[in-house]
Amino acid sequence: MSDWIDDLFEEVERGEVTYEMRSYLLSLLEKCRYYDKVHEHYVTEILDSDLSMLRFKELHTTFEMNKLDVRYDYAPSQRELSRFIRRICDLE
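So, here is what we can say about the structure in this document. (Residues numbered from 1 in each chain as written. Predicted model: local features only at pLDDT ≥ 70, side-chain atom pairs only at ≥ 80, totals over all residues. Heavy atoms only, no water.)

On to the overall build of the chain, then. Across its full length, the chain holds five helices and zero strands. Listing every helix and strand of the chain by position from the N terminus yields α-α-α-α-α. If you sum the accessible surface of the chain, you get close to 7,500 Å²; carbon and sulfur atoms cover 55% of it. (Helix = DSSP H or I, 4+ residues; strand = E, 2+ residues; numbered from the N terminus. Areas by Shrake-Rupley, 256 points an atom, 1.4 Å probe, with all protein chains shown as cover.)

Turning next to the nonpolar core. Grouped burial of nonpolar side chains is what soluble globular proteins tend to show. Counting 13 residues, the largest nonpolar core has Leu25, Ile46, Phe56, Leu59 and Phe63 as the members making the most contacts within it. The residues contacting Phe56, other than those within four sequence positions of it, are Val17, Met21, Leu25 and Leu51. (Core = buried A, V, L, I, M, F, W, Y, C linked by side-chain atoms within 4.5 Å. Buried < 20%, exposed > 50% of the residue type's maximum accessible area, 1.4 Å probe, protein only. Contact = heavy atoms within 4.5 Å.)

Here the focus is the packing of aromatic side chains. This structure, assessed with the given rule, holds three aromatic pairs. Aromatic ring contacts, followed pair by pair, group Tyr34, Tyr42 and Phe63 into a single cluster. (Phe/Tyr/Trp six-rings, centres within 6.5 Å; stacked < 30°, edge-to-face > 60°.)

Take it as geometry only, folks, not as evidence of what the structure does.
What follows is the structure, given as C-alpha cells:
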C-alpha cells in the first residue's frame, strides 16, 4: 500500500526531474507575469530534457518569489486567500 511513497522518495533521491515536477513548474510559471520572450525561454528550459534538480530548485524559488499577489489573480485558491488575509491582518 505504501509503494507510491517509496517510489516518490526514490525519484527524489535519484535527482531526476520528473514529469510531475515539470508540470508543477509550468503551473507556477502561469501564476507569474513575464514578457513573452522571457516566458517562452522559461517554458523551453523547463521542457528541456537536460533540466537538473539544481536548476529545478532555482526555477521553483524564482517563480515562487515572482508569483502575482492574490489581488491580481483571477481565481485564487482558498488557501492563498486565507494566507493573504492573515498577512493583511497581522495574524501570521
